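Listed here are the chains, written in short residue letters.
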Amino acid sequence: MTLGELARARDIEPPHDLRRHKGWVGQLFERLLGADASSRDEPDFTALGVELKSLPVTEDGRPVESTFVCTVPLGELEAVPWETSRVRRKLARVLWVPFEGDPAIAVPMRRVGAPFLWSPSSLEEMALRDDWEELGGIIGAGGVESLSARVGRYLQVRPKAANARSRRRAIDDEGLILSTLPKGFYLRTRFTAAVLAANLHTRA
DNA sequence: TATTGATCATGC
DNA sequence: GCATGATCAATA
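Everything quoted here is computed from the prediction, not taken from an experiment. (Residues numbered from 1 in each chain as written. Chains lettered and ligands numbered in written order. Predicted model: local features only at pLDDT ≥ 70, side-chain atom pairs only at ≥ 80, totals over all residues. Heavy atoms only, no water.)

Draft legend 1. The arrangement of the overall build of chain A in detail. Helix and strand counts for chain A stand at five helices and eight strands. For chain A, whose C-alpha radius of gyration is 18 Å, the value lies close to the compact-globule estimate of 17 Å for 204 residues. C-alpha extents for chain A along the principal axes are approximately 55 × 40 × 35 Å. For chain A, with 204 residues in total, the buried portion stands at 40%. Across chain A, the fraction of contacts at a sequence separation of at least 24, relative to all contacts at a separation of at least 6, is 61%. Put simply, chain A shows about 11,800 Å² of open surface, and 51% of that area lies on carbon and sulfur atoms. (Helix = DSSP H or I, 4+ residues; strand = E, 2+ residues; numbered from the N terminus. Rg over C-alpha atoms; globule rule 2.2 N^0.38 Å. Buried < 20%, exposed > 50% of the residue type's maximum accessible area, 1.4 Å probe, protein only. Contact = heavy atoms within 4.5 Å. Areas by Shrake-Rupley, 256 points an atom, 1.4 Å probe, with all protein chains shown as cover.)

Draft legend 2. Structural context of the sheet that holds strand 4 (residues 116–118). Taken in spatial order, the three strands make up an open sheet running 1-3-4, and their pairing is mixed. Looking along the sheet, the strands with just one partner apiece sit at the ends: strand 1 (51–57) and strand 4. Each adjacent strand pair in this sheet contributes to an overall mean axis angle of 35°, direction not counted. One ladder, built from seven bridges, connects strand 1 with strand 3 (residues 94–100); its direction is parallel. Following the sheet pairing, K53 is matched in strand 3 by W96. Each of strand 1, strand 3 and strand 4 is contacted by helix 5 (residues 189–200), which is oriented at about 120° to strand 4, the strand it contacts most. (Pairing = 2+ DSSP bridges. Axes fitted to C-alpha atoms, helices over the stretch in contact; angles between N-to-C directions.)

Draft legend 3. Quick peek at the protein's contact with DNA strand C. Near DNA strand C, the surroundings consist of 24 residues, among which E51, S54, K160, R168 and Y186 are the closest. Restricting attention to atoms of DNA strand C within 4 Å of the protein, one finds that 62% of them are sugar or phosphate atoms. Between D44 and DNA strand C, the recorded distance is 2.9 Å, taken from a side-chain N or O atom to a phosphate oxygen. Within the residue set of the surface near DNA strand C, elements represented by two or more residues are helix 2 (24–33), strand 1 and strand 2 (67–71). Take the surface near DNA strand C: its biggest share by element is four residues, from strand 1. (Near = heavy atom within 4 Å. Polar contact = N/O pair within 3.5 Å; in protein donor to acceptor, adjacent residues only side chain to side chain.)

Draft legend 4. Structural view of the protein's contact with DNA strand B. In the vicinity of DNA strand B there are 19 residues, among which R20, K22, A161, A164 and R188 approach most closely. Sugar and phosphate atoms form 55% of the subset of DNA strand B atoms that lie within 4 Å of the protein. Between DNA strand B and the protein, one listed contact pairs a phosphate oxygen with a side-chain N or O atom of R20 at 2.7 Å. Between R188 and DNA strand B, the recorded distance is 2.7 Å, taken from a side-chain N or O atom to a phosphate oxygen. Take the surface near DNA strand B: its biggest share by element is three residues, from strand 5 (residues 155–159). Broken down by class, the residue content of the surface near DNA strand B amounts to seven nonpolar, six polar and six charged. (Nonpolar A, V, L, I, M, F, W, Y, C, P; charged D, E, K, R; others polar.)

Draft legend 5. Region of the structure containing the pairing of strand 6 (residues 168–171). Of the pairings in the sheet, the one linking strand 6 to strand 7 (residues 177–180) comprises four bridges and is antiparallel in character. The partner of A170 across the bridge, within strand 7, is L178. The hairpin turn running from strand 6 into strand 7, its antiparallel successor, is five residues long, and G175 in that turn takes a positive phi close to 80°.

Draft legend 6. Highlighting the pattern of salt bridges. The full count for this structure, using the stated rule, is eight salt bridges. Ionic pairing is found between R129 and E83, a salt bridge with its closest N-O pair at 2.9 Å. You can see R129 sitting in helix 4 (residues 122–140) and its partner E83 sitting in the loop between strand 2 and helix 3 (86–91), a full 46 residues away along the chain. Residue classification places R129 among the partly exposed positions, given a relative accessible area of 30%. The class of E83 is partly exposed, set by a relative accessible area of 39%. Through salt bridges with shared partners, one network takes in D41, R86 and R89. (Salt bridge = Lys/Arg side-chain N within 4 Å of Asp/Glu carboxyl O.)

Here it is, written out as structure tokens:
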């Protein structure tokens, strides 16, 4: 179905473009599927422990964008083990919903692909854990300010804020409190592209 | 042109 | 303010 058909079923008016409605598609899917976590720090489907992620794709089935995972906990020096990290919790069980992400296609005309339920394989989890430990190590050592989005093979840290003036308390490399731009963990497209590929060929 | 860094909307 | 949902737009 198209986003327009789905929106009409819920009596929702699709925006002309996503410029000022960046989360519109994800929120439409949430409402259609009955996600109940609202904006709480829990899986979208609390009883199922499933996280919903919309995934814009190009015409050849590659993700258009990186995927936001969760905010980076700044200001805490103690090391959090991977096992209890927010990144791992978020990605433990995900319902990926691909849809046409080409901005040239009018929002209501964009088609939705076949969703699939996914959990990281042991290989994928190891890779994510490696990145997470590297990134966490830098942040834990007070290196937030020098951390660039180029670090991390599949997982990266990028700004996640309302604007460049947003501030968040963090710890610098001498253990002092500093004010920095809020950051988030994102999955690179190279990771989601592999997930997509592995889950689409089965229906060829 | 792919990626990084910046930004937009909503709920509590 | 900080969590959720992300895409935009300047830069490398």
